[in-house]
Amino acid sequence: MSKFWNDKIKEIEPYVPGEQPKDKKYIKLNTNENPYPPSAKVIEKIKSMNLEDLKLYPDPDVTELGKVIAEYFSNKINNKITYKQVFIGNGSDEILAFIFMTFFNAGDKVYYPDITYSFYPVYADLFNVKEIKIPLNDNFEIEIEKYFGLDGHIIITNPNAPTSIALKLEEIEKIAEKNPSQLVVVDEAYVDFGAESAVKLVNKYDNVLVVQTFSKSRSFAGMRLGYAIGSENTIEGLNRLKFSFNSYTIDRISIEAGIESFKDDEYFEKTNAKIIQTREKTSEELKKLGFKVLNSSANFIFISHNKIFAGDLYKQLKENGVLVRYFAKDRIDNYLRVTIGTDEEIGIFIEKLEDLLGNNVN
Ligand SMILES: *Cc1c(COP(=O)(O)O)cnc(C)c1O
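Everything numeric here is computed off the predicted structure, so don't read it as measured data.

Summing up its helical and strand segments, the chain has eleven helices and 13 strands in all. In terms of overall size, the chain behaves like a compact globule, its C-alpha atoms giving a radius of gyration of 21 Å where 362 residues would be expected to give roughly 21 Å. Across its three principal axes, the chain shows a C-alpha extent of roughly 60 × 55 × 50 Å. Per-residue burial over the chain gives 52% buried out of 362 residues. Intrachain contacts of the chain at a sequence separation of at least 6 include 72% that bridge at least 24 residues. A total accessible area of about 17200 Å² is found for the chain, and carbon and sulfur atoms account for 48% of it. Each charge sign in the chain was given a centre, from 46 positive and 55 negative side chains, and these centres are 1 Å apart.

Per the UniProt annotation, the sites labelled "domain: Aminotransferase class I/classII large" (unreviewed entry) are residues 25-353. Between the C-alpha atoms that bound residues 25-353 there is a distance of 18 Å. The span itself is 36% helix and 16% strand.

Here four strands make up an open sheet; going across it, the order is 9-10-13-12 and the pairing antiparallel. At either margin of the open sheet sits one strand with a lone partner, and together these are strand 9 (291-293) and strand 12 (325-326). Sheet strands touched by helix 10 (residues 310-319): strand 9, strand 12 and strand 13 (336-339). Its angle to strand 13, the strand with the most contacts, is close to 40 degrees.

Segmentation of the chain into domains returns domain 1 (7-37 + 266-361) and domain 2 (40-264). Using C-alpha coordinates to define each centre, domain 1 is positioned 25 Å away from domain 2. Across the boundary between the two partners, domain 1 contributes 33 residues, which contact 34 residues of domain 2. Between domain 1 and domain 2, roughly 2800 Å² of surface is buried when both sides are summed, and carbon and sulfur atoms account for 59% of that area. When residues of domain 1 are sorted by the area they lose upon contact with domain 2, Tyr-15, Phe-268 and Arg-331 head the list and together hold 26% of the total. The interface formed by domain 1 and domain 2 holds two salt bridges in total. Residue Lys-8 is joined to Asp-125 by a salt bridge in which the shortest nitrogen-to-oxygen separation is 3.0 Å. Elements that contribute at least two residues to the side of domain 1 that touches domain 2 include exactly helix 1 (7-11), helix 9 (265-288) and strand 10 (300-305). It is helix 9 that provides the largest number of residues to the side of domain 1 that touches domain 2, a total of eight residues.

On to a nonpolar patch on the surface, then. On the surface, a nonpolar cluster with roughly 350 Å² of combined accessible area is contributed by Met-1, Trp-5 and Ile-9. When you line up the elements, Met-1 lands in the segment before helix 1. The exposure class assigned to Met-1 is exposed, which follows from its relative accessible area of 74%.

This next bit is on the packing of aromatic side chains. Using the criterion set out here, one finds 27 aromatic pairs in the structure. Centroid distance Phe-140 to Tyr-335: 5.2 Å. Interplanar angle 70 degrees. Geometry classified as edge-to-face. Note that Phe-140 is positioned in the loop between strand 4 (130-134) and strand 5 (153-157) and Tyr-335 in the loop between strand 12 and strand 13, a separation of 195 residues in sequence. For Phe-140, a relative accessible area of 5% puts it in the buried group. Residue classification places Tyr-335 among the buried residues on the basis of a relative accessible area of 8%. What links up through ring pairs into an aromatic cluster is the set Tyr-15, Phe-100, Phe-104, Tyr-112, Tyr-117, Phe-119, Tyr-120, Tyr-123 and Phe-127. Here Lys-67 stacks its cationic end above the ring of Tyr-83, 4.9 Å away from the centre of that ring. Of note, Arg-218 hangs over the ring of Phe-214, and the distance from its end group to the ring centre comes to 5.9 Å.

Attention now goes to the UniProt feature "modified residue: N6-(pyridoxal phosphate)lysine" (unreviewed entry) in the chain. According to UniProt, the "modified residue: N6-(pyridoxal phosphate)lysine" (unreviewed entry) feature falls on Lys-216. Following the sequence through the fold, Lys-216 ends up in the loop between strand 7 (208-213) and strand 8 (226-229). Apart from the residues within four sequence positions on either side, Lys-216 is in contact with Asn-32, Asn-34, Ala-189, Tyr-190, Phe-193 and Asn-299. At 3.3 Å, the side chain of Lys-216 forms a polar contact with the side chain of Tyr-190.

To continue, consider the site of the ligand. Around the ligand, the structure places Gly-91, Ser-92, Asp-93, Tyr-117, Thr-157, Asp-187, Ala-189, Tyr-190, Thr-213, Ser-215, Lys-216 and Arg-224. In the model, an oxygen atom of the ligand is placed 2.5 Å from a nitrogen or oxygen of the Tyr-190 side chain. Contact distances for the ligand include 2.8 Å between an oxygen atom and a side-chain N or O atom of Arg-224. For the ligand, whose free accessible area comes to 380 Å², the fraction covered by protein is 92%.

Moving on, we come to the pairing of strand 4. The pairing of strand 3 (residues 109-113) with strand 4 spans five bridges and is parallel. Looking at strand 4, one finds that Lys-109 is bridged to Lys-130. For the crossover that starts at strand 3, traverses helix 5 (residues 120-126) and ends in the parallel strand 4, the hand is right-handed.

So, how was this worked out
Residues numbered from 1 in each chain as written. Predicted model: local features only at pLDDT ≥ 70, side-chain atom pairs only at ≥ 80, totals over all residues. Heavy atoms only, no water. Helix = DSSP H or I, 4+ residues; strand = E, 2+ residues; numbered from the N terminus. Rg over C-alpha atoms; globule rule 2.2 N^0.38 Å. Buried < 20%, exposed > 50% of the residue type's maximum accessible area, 1.4 Å probe, protein only. Contact = heavy atoms within 4.5 Å. Areas by Shrake-Rupley, 256 points an atom, 1.4 Å probe, with all protein chains shown as cover. Lys, Arg positive; Asp, Glu negative; His and termini not counted. Charge placed at Lys NZ, Arg CZ, Asp CG, Glu CD. UniProt positions renumbered as here; feature names shortened; annotations may be inferred. Pairing = 2+ DSSP bridges. Axes fitted to C-alpha atoms, helices over the stretch in contact; angles between N-to-C directions. Domains from an automatic or database assignment. Buried area = accessible area lost by both parts, 1.4 Å probe. Salt bridge = Lys/Arg side-chain N within 4 Å of Asp/Glu carboxyl O. Patch = residues over 30% accessible without salt bridge, like charges linked within 9 Å, V, L, I, M, F, W, Y side chains within 5 Å. Phe/Tyr/Trp six-rings, centres within 6.5 Å; stacked < 30°, edge-to-face > 60°. Lys NZ or Arg CZ within 6 Å of the ring centre and 35° of its normal. Polar contact = N/O pair within 3.5 Å; in protein donor to acceptor, adjacent residues only side chain to side chain. Near = heavy atom within 4 Å. Right-handed = clockwise from strand over helix to strand, strands pointing away.

This is the structure:
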């Protein structure tokens, strides 16, 4: 505490990111990073860059990368997305913060599930927006009817985190359709692992704003790139905010790396398919060990065991060199979120689990 802190900084409870431990090498299944490196083409591109150009500012409009992303989605959804519908940010967390600053007034309401990405409540507090949490049902599913005709902004994570469960595109569409005057933000950090993107909706519904990240499915957690896709007018709003805040959020290396990542679609598809395959196999094996495993469309699974408390299992796994994520929070304090690693990493995780369960149960 310092006498120089303003009132907000005195009271705010900052977001706590997953551990990035420095004490020893863990099997790291705690922050939903991709176990595979970025595409070799990305690495090659970075190595071949003329780094003397770093003396010059990057393109503040990030036009070249925006065009590549726009073209990629135009082809994917068979409907024109222009680069003016794409906003690029320094990771999607930055874009989410920009969304609060661009579209929400102090005192407005924002609706999201009681169990979802835990950064939203921090932004709500930071920007004086009133959060209203809508409970998931007992199976941790979003009941879309509860989101019809709301009197505030809406944020839906799809697939949801940390539950891993996805809504169908028709369900997202229903929420958009039933709230024509509210912005519906769809945070698709995990969409590439098995859900359908709402980018398909942005030309039909001007209230849909989709946020995606390079951090998970494109192996770029250490690079910091995300993007939002929406109507030209919503994206223009984000640009007004950005150019009132920091014109250069994206550096030259990230721009080039991002372009290469989108060009190497084959690698992207291959690594995502591999993660999905490992996830399905892991889920089956854990069920055999007596775990409840929620139906995942993400690069992580959310699991619970009735013989051993999740908080204890988290600690014991950590002592054994395997790091997973535990949230000591209402409703989910007997669950662990486990990132899907390589087959080898998951093999060790399951081996340790078998040992620990043997010790704890017998
Ligand atoms: C990881 C994650 C983000 C943030 O991603 P960055 O692009 O790395 O900032 C945003 N939303 C959800 C739901 C996430 O899981």
